[in-house]
Amino acid sequence: MDAPHPHTEGSRVHMWTCRNDLSNQRWHFQELATSSTTSSTTSSTTSSTSSSTQASTSTSTATSTMQTSSTTPATTTATTTPQPLTAVRNCQLEPLVEGSGCKRVAVYQGDAYDLGENGQETQARHRCLQQLRGHKEADSFVHMLGRCEIWRCATRARLRMSAGPGGGLSSSPEAITLVDALGHYVTLREDNHLEAVEESFVPEALFYLKVRSGQYTLRAANGLFLKATPQGTLVAETHHWDDWEVFTRVEEVDGKVAFKSFHNSYISVNPEGYLFAGGRRDAAPLTLANRSRAAWDEATSVSQPMKLVSEIFDHAICAWPSSVASVRCCSSERVVLEESYGCYWNETFAGAQQICAQQGLTLCAPELLKSCQGCGTCGFSGLIWSSSPCSASESLTQRRFNQRNDRASVFSSLCPYEPKMGGRHGQELRSSVLVKLMEWNYNDVAKECTEFLGPNGFEAVQVAPVTEHILGYQWWVKYQPVSAGLDSRSGTEEELRQMVATCRAAGVQVIVDILLNHMASPCKQAKKKSKSGELEEMPCRGWAGSKFGSRRQQGARGWDAAGPEHFHHQAASLEQPFCKVGPQTGWLCPEDDCTPCDMYELPDFNTELQEVRDMQFKHLEELYHIGITGLRVDAAIYHHVYELADMLNRLPWDLIYQEWWGEYPPQDRTDYVGLYRDVAYRWHLVNRLSNLNASELPQLLELEGGVFGISQDMAVYPFAYHDGRSKDADPEIATYKNGLAFHQQQKFFLSWPVGNSVLIWGGYGWRDLSHGPPGCDRADGDHCSPKPVYDANGLPQCLRAPELSPLPRTAARERRWICEHRWQGVAGLVHFRKACRGHEVTQTWGSDGESALGLGRLAFRLGRACFVALVRGRRLGEPEDVKVVGVGGTWDLKGLHIGVPAGCYCDLSSLETQKGWDMSSCPRQVRVNGAGEVVEGHVAEGEILAIHSGAQLRPKPHTH
């Protein structure tokens, strides 16, 4: 039996029925004495990191696997395995600096760490990861063009504090650190005792010194006060202070201090670095340093990013003064070449200033550096310091390019994929919006990155599998690979490479749907015997001409050839699958382990074999070196964790997320593989917004996620996905066929502050669920290609945002590009999400069914600057009962006190695109007076209104 919350009293239970027609179904009954036994059993059987040395296999030589008591058989990850390879992920942080907890272990420089294949830096990042693996004590690396730094941070808190200068500072003027006579920082240990062993500042070294009637208290960063006992013990363990928490501060020579306890003994450090309160005054002096941000800003001459100039990129590049770059000096009027002062490649800003000053020169203004591109004598190919600071807007623009190949990136095993917080000291909120362009050709994807995705703030574009596939017109042929070749119906390998380079240059990363589990099913010819009675081994042809057959592929790279021995098979026959899984088995598998089974009769690669994992890694490596930095792992549930970790984690990815269907996430899969696709969240949203009665609409404001056990920082939330569609309009399934209802739902999806990473959809119309893209119908043949999205004039041929629910049947079945992500208001809501998601919900309207608003009307405010309102729409043919569909109509907001600053706002739900928007006009406007009341603004039925203080309209600038 299973339940959503199995250990909660009163939890409902899902009942299961035995079916004799399901060959893989097995039933086991076991009496469990107590709930604690159940918990223990579950914990012990879902681990895949057993210390046993024998690896589980399903080949002819070994077929045993551990059994689990899981109630969702397809999720079984139980296996006796080696320790999985640790992932090293993009932390989305500012470059690391020493002095705040992290220590630089090694530095590697040279062309090997510069731009590589396809003009991308990813190959150099790969080399940097290989260097990191060679330093057992290290856990992080920083890569910048031409340079790889290996770091040891030990904890995530230290990693974040070291991201940019000024780490470990506090807004409190009472913040201090203490350093002993040997130069070691005093830190709080996990047991709340103190020691002095750290050679540089770490987060645990932060304390707060406060005056108490001429004496002092010392409070640790965890909020506990230091206490000295009569026995000499020094420990942080009380939330309130009394006599034993009070110390007398005694000034010593050379600026040192000593602290005397209530018991007249001094805080001292023993030879092992352990602190106690029983020492003599002459053995007690400590150095006290101020760690308040105000003091640091006052002592630091340059506390903002500075501009660097690159001979490769035109836009402003910003870096903190503690970063390193090349030096080129100027007189008052011109560039002075390096022959007079030497070549310097890796200097901090202060160091660069000093080098120029020694020659009576200064650093150059950006425009002077640009005028001298290629004129230097040192052959600089990277970044050069300028004399100009970055403005706030330029720094923000730089962050939009934070994954481009002209800026340092921080990778570590200590951070997750797609962290909620990034930037300097991990204090900048991140709200990633991704889009899947289903079956667009590569040339159109490239143009879309430049024309729409980049200018509107999308972090990444996801594309369908890029490998060579079988022939056919259906969408699913792309999910049946026949080689590792990169020519497919979406375009050639060269077009793929160009698309990746173009998108990344626009600040948009590329995510690929990756297929590691299986190869294609054989064509009909492979199942027919020749006149001699023999089966031809590889009579089938892939899109680019590669041969394949039943459990065999010739490959397109040489190293991607595979035979029956590379797939799971019966002990008695290489040609027979070990087991099968699919609808015909009820998705149940022998011994509760689906990993060796052919899914949908697709031959299942035996990734327990090192040879197979190496082959799949070569494919991943090729994609990564091209510049592809994110993966959606198809059929992830049909791999053991250690196998996926060995293939995936040899490369430093920006994002990996797993195809997931609602199962509880095993901890080892979370730790070693990646995030999870959570499809339940969109179902909850759609159900509450469009399917429940209007009286239940307020449940929309209670949404916090989807699948039980998958938190927001573990999930990628898709609003639509290719295997979650309906043939015709269905109000329970989010597709474009639902018309205006779908559009309102995706707008709310972007406005509601759930999820670090969300994925929206840009697809095509279909009449049948098997249909591929426009241009690939049955009549177009098996070697069809998608019709272009952009026409000869460079304009996208997309469906306009609908005004009815559902779409008329004729329009809903039209074979054309839909481009849901381009519908009016989506770009504006991306703007809203990035500005507002970090704020708490501070007020709601209609959440208690307020009759004054009318049923079906709802609003909420985030912080004091962001406001959203909506009116539930109606589907054609729905009953007119107000309790079911709400009052409908247009909601005039005039007089509603919403508590945002006064001004004229753009309703971002009406904005078509941010590209070229000067904020002087907007399709729909909202006016708010000084009292925080709306004086002009309305919400139409089935629509959303969204405003925030950063999108107030301003007068159009005058031109001369």
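Notes on the structure follow.

What counts and how
Residues numbered from 1 in each chain as written. Predicted model: local features only at pLDDT ≥ 70, side-chain atom pairs only at ≥ 80, totals over all residues. Heavy atoms only, no water. Pairing = 2+ DSSP bridges. Helix = DSSP H or I, 4+ residues; strand = E, 2+ residues; numbered from the N terminus. Salt bridge = Lys/Arg side-chain N within 4 Å of Asp/Glu carboxyl O. Buried < 20%, exposed > 50% of the residue type's maximum accessible area, 1.4 Å probe, protein only. Phe/Tyr/Trp six-rings, centres within 6.5 Å; stacked < 30°, edge-to-face > 60°. Lys NZ or Arg CZ within 6 Å of the ring centre and 35° of its normal. Axes fitted to C-alpha atoms, helices over the stretch in contact; angles between N-to-C directions. Parallel < 35°, antiparallel > 145°, perpendicular 65-115°, else oblique. Left-handed = near helix turned anticlockwise from the far one by under 90°. Contact = heavy atoms within 4.5 Å. Nonpolar A, V, L, I, M, F, W, Y, C, P; charged D, E, K, R; others polar. Disulfide = S-S within 2.5 Å.

## Overview of the sheet that holds strand β21 (residues 362-363)
Phase 1 of the analysis: Spatially, three strands are ordered β20-β19-β21 in an open sheet, and the strand pairing comes out antiparallel. On the outer flanks of this sheet lie β20 (335-336) and β21, each paired with one strand and no other.
Phase 2 of the analysis: Taken together, the two bridges between strand β19 (residues 329-330) and β21 define a ladder with antiparallel strand orientation. Bridge pairing in β21 places Cys329 opposite Leu363.

## Looking at the pattern of salt bridges
Phase 1 of the analysis: Counting across every chain of the model gives 46 salt bridges.
Phase 2 of the analysis: The partner of Arg874 in a salt bridge is Glu880, and the shortest N-O contact between them spans 2.7 Å.
Phase 3 of the analysis: Of the residues examined, Arg874 reaches a relative accessible area of 22% and is grouped as partly exposed.
Phase 4 of the analysis: The network of salt bridges with common partners includes Glu117, Glu493, Arg497, Arg557 and Glu622.

## Details of the packing of aromatic side chains
What characterises a pair of aromatic rings is the spacing of the ring centres plus the angle enclosed by the ring planes.
Phase 1 of the analysis: Inspection of the entire model under this criterion finds 24 aromatic pairs.
Phase 2 of the analysis: With 5.2 Å between their ring centres and 55° between their planes, Phe719 and Phe742 make a pair best called tilted. Here Phe719 is found in the loop between β37 (715-718) and α14 (740-751), whereas its partner Phe742 is found in helix α14, with 23 residues between them in sequence.
Phase 3 of the analysis: Owing to a relative accessible area of 1%, Phe719 belongs among the buried residues under this scheme.
Phase 4 of the analysis: In this structure an aromatic cluster arises from ring pairing among Tyr681, Tyr717, Phe719, Phe742, Phe749 and Trp823.
Phase 5 of the analysis: The ring centre of Tyr417 lies 5.2 Å from the NZ or CZ of Arg89, which sits over that ring.
Phase 6 of the analysis: Arg725 extends its terminal NZ or CZ atom over the ring of Trp766, reaching a point 4.5 Å from the ring centre.

## What about the packing of helix α10 (residues 610-626) against helix α11 (residues 641-648)?
Phase 1 of the analysis: In the contact formed by α10 and α11, the axes pass within 8 Å of each other and the chain directions differ by 45°. Regarding the angle of α10 to α11, the classification is oblique. Viewed along their axes, α10 and α11 form a crossing whose handedness is right-handed. Residues Gln610, Arg613, Gln616, Phe617 and Leu620 of α10 touch α11, and the partners they reach there are Tyr642, Glu643, Asp646, Met647 and Leu648.
Phase 2 of the analysis: Looking at the contact of α10 with α11, its residues break down into five nonpolar, two polar and three charged.

## Notes on the state of the cysteines
Structurally, a disulfide amounts to a covalent bond that connects the sulfur atoms of two cysteines.
Phase 1 of the analysis: Under the definition given, this model contains 14 disulfides.
Phase 2 of the analysis: Here Cys128 connects covalently by a disulfide to Cys148, the sulfurs 1.9 Å from one another. Since a negative S-S torsion denotes a left-handed disulfide, the Cys128-Cys148 link at about 95° is right-handed. Residue Cys128 is located in helix α2 (residues 122-133), and its partner Cys148 is located in strand β4 (residues 147-152); the two are separated by 20 residues in the primary sequence. One exposure class covers both Cys128 and Cys148, and it is buried.
Phase 3 of the analysis: Across the disulfide, Cys329 is cross-linked to Cys356 (sulfur-sulfur distance 2.0 Å). One disulfide, between Cys329 and Cys356, carries an S-S torsion of -85° and so falls in the left-handed class. Of the two residues, Cys329 is situated in strand β19 and Cys356 in helix α5 (residues 349-357); the sequence distance between them amounts to 27 residues.
Phase 4 of the analysis: What makes Cys329 buried here is its relative accessible area of 0%.
Phase 5 of the analysis: Unpaired in this structure, Cys904 has its nearest cysteine sulfur neighbour in Cys922, at a distance of 8.6 Å.
Phase 6 of the analysis: Since its relative accessible area comes to 14%, Cys904 is described here as buried.

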